[in-house]
Amino acid sequence: MKEPSKSKNKDCIFIACLIIMGLVFFFGIGQKGYIIERDSDIFIRADRFVMGYGYVIYPLFIQLIRTMIGPEYYLDAVFIIQGLISLVASLLLTLQLKKRYRLNYSVSVLLFLCSLGPYTYTLPEYVSSHCIMTESLAFPLFYIWIILAIFIYTDKKNSLFVLLILQTIILILSRPQLLFLLIVVILLAIERIVDCLVRNNPNKFRVISIVIVITVFLAIFSFPQIVRYSILPQLTDAVTGRVFCIANHEDAELFEGADKDLVKKLLTEIDTMGTSEEYFRDDIHRWEDIAHAINENTKYIGDAVGQYMIDDPRSSYEIKSELAYRLLVKHWDKYIYLTLPLLIQSLVVSVFYHPESAYVLGYIISVLIYVFGCCLAFVSVKKKACKIEYIIPFIISMLVLLTNAVVTNVVFMGLQRYVVYSFGCYYFSMIIMLVGVIRRDE
């Protein structure tokens, strides 16, 4: 009778230690209090502009706290609640994985520390959960998504797909960039169908088929407005800014009338600003020049279209879409080539850092991290060094990481705060694989 009691006491002490570690991390490191970023104001105002762009949940979250706390201290409450939600999500993730994989306390502590990874990209200045930004909610919500995705496979619970879909919708309404998760969900669902067909299990096939139908239904009827009013305008701006980096003065001949004159003006000014491809460095810092040029071009083109095309019956969005489409069709190969440095940089910051003082070293360490993880997975699968359930977290983490990096960089720019979601997942999934390898003979 004493053994269960001792085990329960140890669990309580373990959880208490994690909570203390989490409180120190989320509230005791770096700058204290809430942090106002450049885009914070649009979420605080919660006007129709930002809501119309698909950022629904976070502005409502802020307004709810403001209503409950009052206008004087509500931002302090927002930062505290965000920190507590993040702590609970990391705690829940750790405890669920500890239970599922029968992990000891030491390994579980490592998993908890890994789960803090996405919040560290703003250090040493502050922990990212302090920011009045969508990521402060999206990071912990993403961990709930990861738990569901892993348990669908490890516990063979295809019914969890319904909850996974709902969580995907919540994440997308929190941050429309996370629409890429719908791609991951559909890929996971297709894999489940194929698995059921191969195993000739008609009952599971029917269940997962129904889930996929629900997924498609929700995708068709729930997301068009988000895509139309949020993703497409941002996509158009990003693509327009990037494609003008590789356009040349001869491309004005692709257009007629006012559009032709506008393109000439744009190309002349872009050449003056030095934000075209010929001015980019050819070294490891090239992605910085590309990112800077895209931002500058996007801002300038938006202002120029409004200034020079004021009498045009088309909207600014329609004008930029037409310009971007014709230039992209002609220069699609250069567009892809320009995307590669951004993609490589995103893959680096998805698992590590590259501080200015150790830029090249950051790239080298990132490569070694990927090589180690992929080699471990390869050996685990091909040599059957561990059971498949121990490899599943790594597969899902890599699928999310690669899909996010590729999609984000093709249509936007994969800055670290956009691709850091899988930062912690990559590491704790490797730890779980190592545990599986150690237990291979058990």
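Data block above holds the structure.
In this text, all values refer to a predicted model and were calculated from it rather than measured experimentally.

Caption draft 1: Broad picture of the overall build of the chain. Counting secondary structure elements, the chain contains 19 helices and zero strands. By residue count, 51% of the 442 residues in the chain fall in the buried class. Excluding contacts between residues fewer than 6 apart, the proportion of contacts in the chain whose partners are at least 24 apart in sequence is 76%. Taken as a whole, the chain presents about 21300 Å² of accessible surface, with 65% of it coming from carbon and sulfur.

Caption draft 2: Local environment of the packing of aromatic side chains. Evaluated as defined, the whole model comprises 21 aromatic pairs. Judged by centre distance (5.0 Å) and plane angle (85 degrees), the rings of Phe-25 and Phe-26 are edge-to-face. Of the two residues, Phe-25 and Phe-26, neither departs from the other in class, the shared state being buried. Judged by centre distance (5.8 Å) and plane angle (20 degrees), the rings of Tyr-359 and Tyr-363 are stacked. You can see Tyr-359 and its partner Tyr-363 sitting in helix H16 (residues 359-382), four residues apart, about one turn around the helix. Judged by its relative accessible area of 5%, Tyr-359 is buried. Of the residues examined, Tyr-363 reaches a relative accessible area of 12% and is grouped as buried.

Caption draft 3: Quick look at the environment of Thr-403. You can see Thr-403 is positioned in helix H17 (residues 392-411). Using a relative accessible area of 12% as the deciding quantity, one classes Thr-403 as buried. The spatial distance from the C-alpha of Thr-403 to the C-alpha of Phe-180 is 6.9 Å, given a sequence separation of 223 residues.

Caption draft 4: Representation of helix H9 (residues 180-198). Given a rise of 1.5 Å per residue, 19 residues ought to cover 27 Å, and the 28 Å separating the end C-alpha atoms of H9 matches this to within 8%. Restricting attention to buried positions, one finds in H9 the residues Phe-180, Leu-181, Leu-182, Val-184, Val-185, Leu-188, Ala-189, Arg-192, Ile-193, Asp-195 and Cys-196.

Caption draft 5: View of the layout of surface pockets. Put simply, the second largest pocket is a space of about 210 Å³. In terms of lining residues, the second largest pocket is bounded by 13 residues, among which Tyr-153, Glu-191, Arg-192, Ile-392 and Ile-395 are the most central. When contributions to the lining of the second largest pocket are tallied by element, the ones reaching two or more residues are H9 and H17. Here the lining of the second largest pocket takes five residues from H9, the largest share from any one element.

Caption draft 6: Spatial organisation of the side chain of Ser-115. Its location among the elements puts Ser-115 in helix H6 (residues 105-115). Filtering out sequence-adjacent residues up to four positions away, Ser-115 remains in contact with Ser-90, Leu-93 and Tyr-143.

Caption draft 7: Inspection of unusual backbone geometry at higher detail. The omega torsion of the bond from Leu-123 to Pro-124 falls at 10 degrees, within 30 degrees of zero and hence cis. Tracing the backbone through its elements, the reader meets Pro-124 in the loop between H6 and helix H7 (135-154). Although it is not a glycine, Arg-102 sits at a positive phi angle of roughly 50 degrees. Structurally, Arg-102 is set in the loop between helix H5 (74-101) and H6. Exposure remark for Arg-102: the relative accessible area of 52% places this residue in the exposed category.

Caption draft 8: Highlighting the nonpolar core. Core analysis: the biggest nonpolar cluster contains 90 residues, and Phe-142, Trp-145, Ile-146, Leu-164, Ile-396, Tyr-426 and Phe-428 have the highest contact counts within it. Those residues in contact with Tyr-426 that sit more than four places away from it in its chain are Val-351, Ile-369, Tyr-370, Gly-373, Cys-374, Phe-394, Ser-397, Met-398 and Leu-401.

Caption draft 9: Up close: helix H15 (residues 332-349). Over its 18 residues, H15 runs 26 Å from end to end, which matches the ideal 26 Å to within 8%, given 1.5 Å per residue. Of all the bends in H15, the greatest reaches close to 25 degrees and is centred on Leu-340; the proline Pro-341 follows between one and four positions later.

Caption draft 10: Here's a closer look at a nonpolar patch on the surface. A contiguous nonpolar patch, built from Ile-19, Leu-23, Ile-80 and Leu-84 and spanning about 280 Å² of accessible area, is present on the exposed surface. Mapped onto the secondary structure, Leu-84 falls in helix H5. Judged by its relative accessible area of 38%, Leu-84 falls in the partly exposed class.

Caption draft 11: Structural detail: the packing of helix H12 (residues 257-273) against helix H14 (residues 316-330). The N-to-C vectors of H12 and H14 enclose an angle of 75 degrees; their axes lie 12 Å apart at closest approach. The angle between H12 and H14 falls in the class roughly perpendicular. Counted together, Asp-259, Leu-262, Val-263 and Leu-266 of H12 and Ile-319, Glu-322 and Leu-323 of H14 form the full contact between these two elements. Taken together, the residues that form the contact of H12 with H14 break down as five nonpolar, no polar and two charged.

Caption draft 12: Spotlight on the environment of Thr-168. As for its position among the elements, Thr-168 is in helix H8 (residues 160-174). Note on Thr-168: relative accessible area 2%, which makes it buried. Sequence separation between Thr-168 and Trp-145 is 23 residues, and the spatial gap between their C-alpha atoms is 7.1 Å. Among residues more than four places away in sequence, those in contact with Thr-168 are Trp-145, Leu-181, Leu-182 and Val-185. A distance of 2.9 Å separates a polar atom in the side chain of Thr-168 from a polar atom in the side chain of Trp-145.

Caption draft 13: Molecular detail of the packing of H5 against H6. Axis separation between H5 and H6 bottoms out at 9 Å; the angle between their running directions is 145 degrees. In this structure, the crossing between H5 and H6 has a hand that is right-handed. Facing H5, whose interface residues are Leu-87, Ser-90, Leu-91, Leu-93, Thr-94, Leu-97 and Lys-98, H6 presents Tyr-105, Ser-108, Leu-111, Phe-112 and Ser-115. Residues that form the contact of H5 with H6 fall into these classes: seven nonpolar, four polar and one charged.

Caption draft 14: Geometry of the state of the cysteines. Overall, the coordinates contain zero disulfides when judged by the stated rule. Looking at Cys-114, it has no disulfide partner, and the nearest cysteine sulfur is the one in Cys-425, 9.8 Å off. Its relative accessible area of 16% is what places Cys-114 among the buried residues.

Definitions and limits used
- Residues numbered from 1 in each chain as written.
- Predicted model: local features only at pLDDT ≥ 70, side-chain atom pairs only at ≥ 80, totals over all residues.
- Heavy atoms only, no water.
- Helix = DSSP H or I, 4+ residues; strand = E, 2+ residues; numbered from the N terminus.
- Buried < 20%, exposed > 50% of the residue type's maximum accessible area, 1.4 Å probe, protein only.
- Contact = heavy atoms within 4.5 Å.
- Areas by Shrake-Rupley, 256 points an atom, 1.4 Å probe, with all protein chains shown as cover.
- Phe/Tyr/Trp six-rings, centres within 6.5 Å; stacked < 30°, edge-to-face > 60°.
- Expected span 1.5 Å × (residues − 1).
- 1 Å grid on protein atoms, 1.4 Å probe; cavity = no way out; pocket = protein on both sides within 12 Å on 5 of 7 lines; lining within 4 Å.
- Points joined across faces, edges and corners; volume = space filled by probe spheres on them.
- Core = buried A, V, L, I, M, F, W, Y, C linked by side-chain atoms within 4.5 Å.
- Bend = angle between axes of the 7 residues up to and from the residue.
- Patch = residues over 30% accessible without salt bridge, like charges linked within 9 Å, V, L, I, M, F, W, Y side chains within 5 Å.
- Salt bridge = Lys/Arg side-chain N within 4 Å of Asp/Glu carboxyl O.
- Axes fitted to C-alpha atoms, helices over the stretch in contact; angles between N-to-C directions.
- Parallel < 35°, antiparallel > 145°, perpendicular 65-115°, else oblique.
- Nonpolar A, V, L, I, M, F, W, Y, C, P; charged D, E, K, R; others polar.
- Polar contact = N/O pair within 3.5 Å; in protein donor to acceptor, adjacent residues only side chain to side chain.
- Left-handed = near helix turned anticlockwise from the far one by under 90°.
- Disulfide = S-S within 2.5 Å.

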